[in-house]
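# Breakdown of the fold
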There are 2 protein chains.
Amino acid sequence: MAGGEAMTTGKLHIVGVGPGDPELLTLKAARLIESADVTAYPETENGRRRARDIVADHLGRAHQIERPFRLPMASDLAPAQAAYDRASALIAADLDAGRNVVLLCEGDPFLYGSAIHVHARLAGRYDVAVVPGVTSVTACAAEIGLALASRMDVFSIIPATLDGGALEDRLAACDAAAIIKVGRHFEKIAGILKRNGLADRAMLIAAPADDAPRALPLSELNGTLPPYFSTILVSRKGAPLQ
Amino acid sequence: MAGGEAMTTGKLHIVGVGPGDPELLTLKAARLIESADVTAYPETENGRRRARDIVADHLGRAHQIERPFRLPMASDLAPAQAAYDRASALIAADLDAGRNVVLLCEGDPFLYGSAIHVHARLAGRYDVAVVPGVTSVTACAAEIGLALASRMDVFSIIPATLDGGALEDRLAACDAAAIIKVGRHFEKIAGILKRNGLADRAMLIAAPADDAPRALPLSELNGTLPPYFSTILVSRKGAPLQ
């Protein structure tokens, strides 16, 4: 660009890449990733890049820049906030330099996505658009053939990290639910489901974002804990699941 | 096939085609539609074929059969059940003849999709798989830039058809909600949101499945009713929406 000419800032697309199966990417996500100047994505402390893995087939053109950024898995707020600050600054630098950026986000960006925190930092200052993606919740339901909600049913997504009382109240207020991030909260949830006569109407899907998600009746866990990213689907309607 | 040889029945894929934007189709849905022997889809009494319209670019190969079936818009259960019986019989005939069938479903098949009723009729008798799709709920959120849920938030999908008391209770039990199928229930919902201090934390997205969804603060409706397929998103967190 000629010196003195005003630089146009780039556009940021925050793109949901779906629950894990590379084929559950949308056509729009594929097009945006293939045409972006920069692809940004989170990386865990042990080097895992799930969102990038999902879209690997659409990366790798010459001149395309990749910008991994570290996100701590720790649930402490302070280090996470500092990491979102750093990721946002990294992306802002590319936008300021006139480069279009795609930020990859597993599932849908606005349902429990860490991209929410980058969106909050950049949406007021830059041209930002969000592209929805398939959520792991409906992918889990498809996997086990469970209709989540129809007609007048209320469907809720409930984090397993809630305390037992709150979780039980929220569960009582819906017809079907996805309890997400089960991990070490499994025993607490299994107890609540049992007490409410829902144990045989629930199914655990272990690590739905992995290549081989596994569906298990709760009774088959036998004291072992499922992975952190596990989901329990429960429905009051229809036939028992197990 | 030679006479006397056993006929293999076809496989049914129930495929979510997303909320309306043809680019929000998944790569998997596109592949399955392009390779199916038969594509089945609902048609309203006035000839509207929304699901087919979304995937039109992927249809039209020679030898590909299309099977529209009528679904009444009426909320009466009896005619709907008869229509699902007929649609299921139509699809079963193709499967029996060894043809692979894709059944198109707007949004995600297992979230308020009419395909749930076809799934219930055929899943026990045939090889049936469900392919998740982008839901209109997260597409609406992306449209207005609203983060639906993060960390410990509970997110609920609540049909506007619930009676006022139940709707208010369900709303009290979550941090954010999508109230779906608003239409003629608008005044009831607007009253509930106002009474609970949520009117300025809600936004209506009219006809999200159409080509041009419109986001409107509730105060701008001025006594007119939004279309049946309208969604109100409401969140207790973050800045007011209007």
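No experiment lies behind these values; they were computed from the predicted model shown. (Residues numbered from 1 in each chain as written. Chains lettered and ligands numbered in written order. Predicted model: local features only at pLDDT ≥ 70, side-chain atom pairs only at ≥ 80, totals over all residues. Heavy atoms only, no water.)

Right, let's talk about the overall build of chain A for a bit. Broken down by element type, chain A carries 7 helices and 10 strands. On the principal axes, the C-alpha backbone points of chain A span a range of 70 × 35 × 35 Å. Out of the 242 residues belonging to chain A, those deemed buried represent 53%. If you take every contact in chain A between residues at least 6 apart in sequence, the share linking residues at least 24 apart comes to 70%. Accessible surface, chain A: about 10300 Å² in total, of which carbon and sulfur atoms supply 50%. Across chain A, the mean location of the 25 positive side-chain charges is 3 Å away from that of the 28 negative side-chain charges. (Helix = DSSP H or I, 4+ residues; strand = E, 2+ residues; numbered from the N terminus. Buried < 20%, exposed > 50% of the residue type's maximum accessible area, 1.4 Å probe, protein only. Contact = heavy atoms within 4.5 Å. Areas by Shrake-Rupley, 256 points an atom, 1.4 Å probe, with all protein chains shown as cover. Lys, Arg positive; Asp, Glu negative; His and termini not counted. Charge placed at Lys NZ, Arg CZ, Asp CG, Glu CD.)

With 93% of its residues at a pLDDT of at least 70, chain A reaches an overall mean of 91. Interface scoring of the predicted complex returns ipTM 0.94; its pTM is 0.94. (pLDDT = per-residue confidence, 0-100.)

Take the relation of the copies chain B and chain A next. There are two copies of the chain, and a rotation about an axis plus a shift along that axis relates them. The transformation that overlays chain B on chain A combines an axial shift of 0.0 Å with a rotation of 180 degrees, and the residual RMSD is 0.0 Å. The two molecules are tied by a two-fold rotation axis, judged by turn and shift. Most of the interface of chain B is mirrored in chain A: 100% of its interface residues are interface residues there too. (Least-squares fit on C-alpha atoms with pLDDT ≥ 70 in both.)

Take unusual backbone geometry next. Residues and elements named next belong to chain B. Despite not being glycine, tyrosine 112 shows a phi value in the positive range, around 65 degrees. Considering the arrangement of structural elements, one finds tyrosine 112 in the loop between strand E4 (101-105) and helix H4 (115-122). The class of tyrosine 112 is buried, set by a relative accessible area of 16%.

Before going further, it helps to spend a moment on the environment of Arg195(B). Residues and elements named next belong to chain B. Structurally, arginine 195 is set in helix H7 (residues 186-195). A relative accessible area of 58% places arginine 195 in the exposed class. For the pair arginine 195 and glutamate 168, spaced 27 residues apart in sequence, the C-alpha to C-alpha distance is 9.7 Å.

Let us look at the sheet that holds strand E2 (residues 38-43) of chain A. Residues and elements named next belong to chain A. An order of E3-E2-E4-E1-E5 is seen for the 5 strands of this open sheet, with the pairing classed as parallel. Single-partner strands in this sheet number two, and they are strand E3 (65-70) and strand E5 (127-131). Within the sheet, the average angular offset between the axes of one strand and its neighbour, ignoring direction, is 20 degrees. Bridge count between strand E1 (residues 11-16) and strand E4 (residues 101-105): 5 bridges; the pairing is parallel. In the strand pairing of E4, glycine 16 is matched with cysteine 105. (Pairing = 2+ DSSP bridges. Axes fitted to C-alpha atoms, helices over the stretch in contact; angles between N-to-C directions.)

So, about the pattern of salt bridges. Within the structure shown, the criterion is met by 22 salt bridges over all chains. Salt-bridge contacts for Glu43(A) lead to Arg70(A); the nearest nitrogen and oxygen are separated by 2.8 Å. Highlighted residues: Glu43(A) in strand E2 and Arg70(A) in strand E3, separated in sequence by 27 residues. On the accessibility criterion, Glu43(A) (11% relative accessible area) is buried. The residue Asp94(B) makes a salt bridge to Arg67(B) at a minimum N-O spacing of 2.6 Å. Taken together, the residues span a long stretch of sequence, with Asp94(B) in helix H3 (residues 77-96) and Arg67(B) in strand E3 (residues 65-70) at a distance of 27 residues. Connected through shared salt-bridge partners, Glu43(A), Arg49(A) and Arg70(A) make up one network. (Salt bridge = Lys/Arg side-chain N within 4 Å of Asp/Glu carboxyl O.)

Attention shifts here to the nonpolar core. Counting 79 residues, the largest nonpolar core has Leu12(A), Ile91(A), Leu103(A), Phe155(A), Ile91(B), Leu103(B) and Phe155(B) as the members making the most contacts within it. Filtering out sequence-adjacent residues up to four positions away, Phe155(B) remains in contact with Leu111(A), Tyr112(A), Phe155(A), Ser156(A), Ile157(A), Val137(B), Leu148(B), Ala149(B), Ala176(B), Ala177(B) and Ala178(B). Ile158(A), Leu162(A), Val182(A) and Ala202(B) belong to the second largest nonpolar core, which has 48 residues in total. (Core = buried A, V, L, I, M, F, W, Y, C linked by side-chain atoms within 4.5 Å.)

A few words now on the interface of chain B and chain A. Between chain B and chain A, the contact holds 51 residues from the first and 51 residues from the second. Where chain B abuts chain A, roughly 4200 Å² becomes buried across the two surfaces, and 64% of that area is made up of carbon and sulfur atoms. On the chain B side of the interface with chain A, the three residues burying the most area are Glu23(B), Leu27(B) and Arg151(B), jointly 17% of the side's total. Inspection of the region where chain B meets chain A yields 4 salt bridges. Between Arg31(A) and Glu23(B) there is a salt bridge; the shortest N-O distance is 2.6 Å. Scanning the region where chain B abuts chain A turns up 23 residue pairs in polar contact (both at pLDDT 80 or more). Elements with a contribution of two residues or more to the side of chain B that touches chain A: helix H1 (27-35), H3, H4, strand E5 (127-131), helix H5 (136-144) and strand E6 (155-159) of chain B. Looking at the side of chain B that touches chain A, the element that brings in the most residues is E6(B), giving 5 residues. Broken down by class, the residue content of the side of chain B that touches chain A amounts to 30 nonpolar, 12 polar and 9 charged. Across 3 bridges, strand E6 (residues 155-159) of chain A lies against E6(B) in antiparallel orientation. Counterpart to Phe155(A) in the pairing with E6(B) is Ile157(B). (Buried area = accessible area lost by both parts, 1.4 Å probe. Polar contact = N/O pair within 3.5 Å; in protein donor to acceptor, adjacent residues only side chain to side chain. Nonpolar A, V, L, I, M, F, W, Y, C, P; charged D, E, K, R; others polar.)

Moving on, we get to the packing of helix H6 (residues 164-172) of chain A against helix H7 (residues 186-195) of chain A. A pair of packed helices is captured by two measures, namely the crossing angle of their axes and the spacing between those axes. Residues and elements named next belong to chain A. Where H6 meets H7, the axes come as close as 10 Å, and the angle between the chain directions of the two elements is 45 degrees. What the angle tells us is that H6 and H7 run oblique. Between H6 and H7 lies a crossing of right-handed hand. Between H6, through Gly164, Leu167, Glu168 and Leu171, and H7, the contact on the second element is made entirely by Lys188, Ile189, Ile192, Leu193 and Arg195. A class-by-class count of the residues in the contact of H6 with H7 yields 5 nonpolar, 1 polar and 3 charged. (Parallel < 35°, antiparallel > 145°, perpendicular 65-115°, else oblique. Left-handed = near helix turned anticlockwise from the far one by under 90°.)

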